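Geometric and topological summary
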Amino acid sequence: QKEVEQDPGPLSVPEGAIVSLNCTYSNSAFQYFMWYRQYSRKGPELLMYTYSSGNKEDGRFTAQVDKSSKYISLFIRDSQPSDSATYLCAMTEGASKIIFGSGTRLSIRP
Amino acid sequence: ETGVTQTPRHLVMGMTNKKSLKCEQHLGHNAMYWYKQSAKKPLELMFVYSLEERVENNSVPSRFSPECPNSSHLFLHLHTLQPEDSALYLCASSLEEGTSSYNEQFFGPGTRLTVL
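Worth saying up front: this structure is predicted, and the values here are computed from it rather than measured.

Overview of the pattern of salt bridges
All names here are of chain A. A full pass over the atoms with the stated rule returns four salt bridges over all chains. Note that Asp-83 is salt-bridged to Arg-60, the shortest N-O span being 2.8 Å. Pair noted here: Asp-83 is in the loop between β8 (71–76) and β9 (85–92) and Arg-60 is in the loop between β6 (54–58) and β7 (61–66), with a separation of 23 residues, a long-range link. Classification of Asp-83 by relative accessible area gives buried; the value is 1%.

Structural notes on the pairing of strand β2 (residues 10–13) of chain B
Residues and elements named next belong to chain B. Of the two faces of β2, only one is covered, namely that formed by Leu-11 and Met-13; the face formed by His-10 and Val-12 stays uncovered. Bridge analysis of β2 against strand β11 (residues 111–115) gives four bridges, and the strand direction is parallel. Considered in β11, the bridge of His-10 is made with Arg-112.

Some details on the packing of aromatic side chains
Counting across every chain of the model gives 11 aromatic pairs over all chains. Measuring from centroid to centroid gives 5.3 Å for A:Tyr25 and A:Phe33, while their planes differ by 45°, and the two rings are tilted. Here the two residues A:Tyr25 and A:Phe33 agree in accessibility, since each one is buried. Pairing A:Tyr32 with A:Tyr49 gives two aromatic rings, centres 6.3 Å apart and planes at 35°, and the pair type is tilted. In this pair, A:Tyr32 sits in strand β4 (residues 32–38) while A:Tyr49 sits in strand β5 (residues 45–51), placing the two residues 17 residues apart along the sequence. Take A:Tyr32: its relative accessible area is 10%, and that puts it in the buried class. Classification of A:Tyr49 as partly exposed rests on a relative accessible area of 32%. Cluster of aromatic residues (ring-pair linked, three or more members): A:Tyr36, A:Phe100, B:Tyr33, B:Tyr35 and B:Phe107. The ring of A:Tyr49 carries A:Lys56 above its face, with NZ or CZ at 5.0 Å from the centroid.

Quick word on the interface of chain B and chain A
Across the contact, 23 residues belong to chain B and 19 residues belong to chain A. Both sides together, the interface formed by chain B and chain A hides about 1,700 Å², and carbon and sulfur atoms give 58% of it. The three residues of chain B that bury the most area against chain A are B:Pro42, B:Tyr102 and B:Phe107, which together make up 34% of that side's buried surface. At the surface where chain B touches chain A, the tally comes to zero salt bridges. When residues of the side of chain B that touches chain A are traced back to their parent elements, those giving at least two are β4 (31–37) and β9 (87–94) of chain B.

Regarding the environment of A:Gln1
Within the secondary structure, A:Gln1 sits in the segment before β1 (4–6). Residues A:Gln1 and A:Ser40 lie 39 residues apart in sequence; the distance between their C-alpha atoms is 29 Å.

Concerning the state of the cysteines
Under the definition given, this model contains two disulfides over all chains. A:Cys23 shares a disulfide with A:Cys89; S-S distance 2.0 Å. Sign of the S-S torsion, about -100° for the bond between A:Cys23 and A:Cys89, identifies this disulfide as left-handed. In this pair, A:Cys23 sits in strand β3 (residues 19–25) while A:Cys89 sits in strand β9, placing the two residues 66 residues apart along the sequence. Comparing A:Cys23 with A:Cys89, the two get one shared label, buried. The disulfide partner of B:Cys23 is B:Cys91, and the gap between their sulfur atoms is 1.9 Å. With the S-S bond torsion at -70°, the cross-link from B:Cys23 to B:Cys91 turns out left-handed. Of this pair, B:Cys23 sits in strand β3 (residues 18–25) while B:Cys91 sits in strand β9; the two residues are 68 residues apart in sequence, bridging distant segments of the chain. Each member of the pair, B:Cys23 as well as B:Cys91, is classed as buried. Free of any disulfide, B:Cys68 has its nearest neighbouring cysteine sulfur in B:Cys91, separated by 9.0 Å.

Considerations on the sheet that holds strand β8 (residues 73–79) of chain B
Residues and elements named next belong to chain B. Judged by pairing direction, the sheet is antiparallel, and its four strands sit side by side in the order β1-β3-β8-β7 without closing on themselves. Strands with a single pairing partner mark the edges of an open sheet, and in this sheet they are β1 (4–7) and β7 (64–70). On average, adjacent strands in this sheet sit at an angle of 20° to one another, irrespective of strand direction. Summarising the sheet, β7 and β8 pair through five bridges and their orientation is antiparallel. When the sheet's bridge partners are listed, Phe-64 is paired in β8 with Leu-78.

Thresholds, definitions, all that
- Residues numbered from 1 in each chain as written.
- Chains lettered and ligands numbered in written order.
- Predicted model: local features only at pLDDT ≥ 70, side-chain atom pairs only at ≥ 80, totals over all residues.
- Heavy atoms only, no water.
- Salt bridge = Lys/Arg side-chain N within 4 Å of Asp/Glu carboxyl O.
- Helix = DSSP H or I, 4+ residues; strand = E, 2+ residues; numbered from the N terminus.
- Buried < 20%, exposed > 50% of the residue type's maximum accessible area, 1.4 Å probe, protein only.
- Pairing = 2+ DSSP bridges.
- Phe/Tyr/Trp six-rings, centres within 6.5 Å; stacked < 30°, edge-to-face > 60°.
- Lys NZ or Arg CZ within 6 Å of the ring centre and 35° of its normal.
- Contact = heavy atoms within 4.5 Å.
- Buried area = accessible area lost by both parts, 1.4 Å probe.
- Disulfide = S-S within 2.5 Å.
- Axes fitted to C-alpha atoms, helices over the stretch in contact; angles between N-to-C directions.

Written as structure tokens, this is what we have:
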């Protein structure tokens, strides 16, 4: 079993829709949960990170962590064509290396 | 553009060639990383350097040889690669490595490597 599972997509939604991206994981020691966004021909950039369980909101983006279910989500409200990218979930125990998901390719149709 | 730059951006090489990838960070960070990104696979950590010392080598074949001459520069020397080594090679840096809390990693744009 992979440490982090992420549906690769592609996921295509119309502009303005709410997008839900998800990852599951197996290591209960993970404490830090991140979402990276990667545009074509660019490196990943950190979008949001949360520590332990709970929700975190930043503008149109909301990250949720459910440690009891080992499940994390990223919601994008009022999606824009500029949100079209690959979204990578990632997590770490803290001092140890970061484990990444394989990424979900998202396309927002105008 | 981020504070991490990588050259070249694209590289095509034969299996018998020797080439080097270069990474430079302008963020004053102390830790640098090499990752391999293949299609539909998670990022694979290859090497970690902290204060110019290698602290992790994730069972990477010896045809990949890293070098970190100072905390701002990181190289990946390549020789006798295989076609399956074709991938995007990403460099990243963070303020510190190995502390008790998460340190954000900043990525460069990557080098797209094709091995013929």
